[in-house]
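Chains, contacts and geometry: an overview
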Amino acid sequence: MKQYILRRVALAIPTLLLVSLIVFAMMRLMPGDVVTRMVEGQAYAPTLDALRRDLGLDRPVSVQYLEWMGGVLRGDFGTSYWTRQPIWDEFARRFPVTLELAFLTILVSVVIGVVVGIVSAVRQDTLSDYIGRTFAILALSVPYFGLAVLVVVLPSIWFKWTPVWTYVPFSVDPLENLKIMLVPALVFGVTRAGPIMRITRSALLDVLRQDYIRTAWSKGLTERTIVLRHGLKNAMIPVISLIGLQLPLYIGGSVIIEAIFRLPGVGLFFFEALTRLDYPVVQSVNLIIAALVVGLNLLVDLSYAFLDPRIRYR
């Protein structure tokens, strides 16, 4: 187990290095000049050259990259060009919002996907199965950002009423916080529940055809015990794998969801920085999120041994 973890961590290093190189290069290739925007919009310096020297953009690109990576290795992710505030402090302040949204989204998608998948598998080729499969196709077909826009816009068209999405921290008012966060989590989670439902149905159908399940039926065990205790646990491995593959989508999708619902999380922070060409913020947030995704994928892999004791890591 230890060797497997160390090997995965060692493989993560070149992965994160490649992510940093790609993001750094893409930001420099984007059209527009951050210095021009800052001088015209905020008058940060009397001339473009003075501001470019102040931000360090007058040095070669290779030097800029090495200095940024050197700071990251020391735990210093730099400061924002626009606010001049430390990026890590802003990330830490906003991350709980994104974490709550991601947790609620995963909870919604897993509960809906697994429950509908179980019903569809147990009642194969019945009306319940057809409804479940139709729901899965619709969930796969509707983009989450389109559904989010409809949720925000349609009330103002039909009812002449626009919902107010003013974020309230959970520590201040838990009930009000959940009322605000539940709508974007439902919108995002429903669209992610489709593939989970399909893989749950397929995996559970395969398990229910195994010999040991037929033995359990012959012993007179109840359907609930057979499906939930003996079948579902073995069918969850591909479901967990799918959730692990979808983790980048949960985190990346929060950028659009937070921007639409104006939630003050890391996604909105990243979106605003991208529109303003705030290079350090975009680079650092991408690198932190990539590291989180790599770590979460490792945890997903390790969870296989818990679900199936026959799995061993060498």
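Here the structure is a predicted model, which means the values were calculated and not measured.

**Quick word on the overall build of the chain**
Per the secondary structure count, the chain includes twelve helices and zero strands. Going from the N terminus to the C terminus, the chain shows its helices and strands as α-α-α-α-α-α-α-α-α-α-α-α. Taken over the C-alpha atoms alone, the chain extends approximately 85 × 60 × 35 Å along its principal axes. Here the chain holds 314 residues, and the buried ones make up 42% of them. Put simply, 74% of the contacts in the chain that link residues at least 6 apart link residues at least 24 apart. Split by element, the accessible area of the chain, about 17,300 Å² in all, is 68% carbon and sulfur. Computed over 30 positive and 22 negative side-chain charges, the inter-centroid distance for the chain is 9 Å.

**Some details on a nonpolar patch on the surface**
Where nonpolar side chains cluster on the molecular surface, the patch consists of Phe103, Leu107, Val111, Val115 and Val119 and spans about 440 Å² of accessible area. The residue Val115 is located in helix 5 (residues 87–122) in this model. Classification of Val115 by relative accessible area gives partly exposed; the value is 45%.

**Comments concerning helix 7 (residues 144–158)**
In this model helix 7 runs 21 Å from its N-terminal to its C-terminal C-alpha over 15 residues, within 8% of the 21 Å that 1.5 Å per residue would give. The axis of helix 7 is deflected most strongly, by about 30 degrees, at Val152, and proline Pro155 appears within four residues downstream. Taken as a whole, helix 7 has its buried residues at Tyr144, Ala148, Val152 and Pro155. Residues of helix 7 that are buried make contact with helix 8 (174–208) and helix 10 (223–261).

**Describing the side chain of Ser254**
By the secondary structure assignment, Ser254 is in helix 10. Leaving out residues up to four positions away in the same chain, Ser254 has contacts with Thr98, Leu101, Phe188 and Gly267.

**Examining the confidence of the model for the chain**
Mean pLDDT over the chain: 82, with 91% of residues reaching 70 or higher. Averaged pLDDT values over the elements of the chain bottom out at 71 in helix 2 (residues 34–42) and peak at 90 in helix 5.

**Points about the environment of Leu249**
Looking at where Leu249 falls in the secondary structure, it is placed in helix 10. The class of Leu249 is partly exposed, set by a relative accessible area of 45%. In this structure, Leu249 is in contact with Phe188 and Arg192, ignoring residues within four places of it in sequence.

**Some thoughts on the environment of Gly253**
Position of Gly253 among the secondary structure elements: in helix 10. The sequence separation of Gly253 and Gly267 amounts to 14 residues, and the corresponding C-alpha distance is 8.2 Å. Apart from residues no more than four positions distant in its own chain, Gly253 is found in contact with Tyr144, Phe188 and Pro248.

**Regarding the packing of aromatic side chains**
Within this structure, the stated rule accounts for ten aromatic pairs. When the ring of Tyr144 is compared with that of Phe145, the centres are 5.5 Å apart and the planes differ by 80 degrees; the resulting orientation is edge-to-face. The structure contains a cluster of three or more aromatic residues connected by ring pairs, namely Phe77, Trp88, Phe91 and Phe95. The ring centre of Phe24 lies 3.9 Å from the NZ or CZ of Arg28, which sits over that ring.

**Focus: unusual backbone geometry**
At Arg262, a position not held by glycine, the phi torsion is positive, near 55 degrees. In this structure, Arg262 sits in the loop between helix 10 and helix 11 (266–275).

**Some points on the side chain of Arg192**
With respect to the helices and strands, the residue Arg192 is situated in helix 8. Buried charge Arg192 goes without a salt bridge, the closest partner of opposite sign being Glu258 at 15 Å.

**Focus on the packing of helix 7 against helix 8**
Two elements in contact, helix 7 and helix 8, have axes separated by 9 Å at closest approach and are oriented at 145 degrees. Crossing handedness for the pair helix 7 and helix 8: right-handed. For the pair formed by helix 7 and helix 8, the contact residues are Tyr144, Leu147, Ala148 and Val151 on the first element and Val183, Val187, Phe188 and Thr191 on the second. Residues belonging to the contact of helix 7 with helix 8 are distributed by class as follows: seven nonpolar, one polar and no charged.

Rules of the game
Residues numbered from 1 in each chain as written. Predicted model: local features only at pLDDT ≥ 70, side-chain atom pairs only at ≥ 80, totals over all residues. Heavy atoms only, no water. Helix = DSSP H or I, 4+ residues; strand = E, 2+ residues; numbered from the N terminus. Buried < 20%, exposed > 50% of the residue type's maximum accessible area, 1.4 Å probe, protein only. Contact = heavy atoms within 4.5 Å. Areas by Shrake-Rupley, 256 points an atom, 1.4 Å probe, with all protein chains shown as cover. Lys, Arg positive; Asp, Glu negative; His and termini not counted. Charge placed at Lys NZ, Arg CZ, Asp CG, Glu CD. Patch = residues over 30% accessible without salt bridge, like charges linked within 9 Å, V, L, I, M, F, W, Y side chains within 5 Å. Salt bridge = Lys/Arg side-chain N within 4 Å of Asp/Glu carboxyl O. Expected span 1.5 Å × (residues − 1). Bend = angle between axes of the 7 residues up to and from the residue. pLDDT = per-residue confidence, 0-100. Phe/Tyr/Trp six-rings, centres within 6.5 Å; stacked < 30°, edge-to-face > 60°. Lys NZ or Arg CZ within 6 Å of the ring centre and 35° of its normal. Axes fitted to C-alpha atoms, helices over the stretch in contact; angles between N-to-C directions. Left-handed = near helix turned anticlockwise from the far one by under 90°. Nonpolar A, V, L, I, M, F, W, Y, C, P; charged D, E, K, R; others polar.

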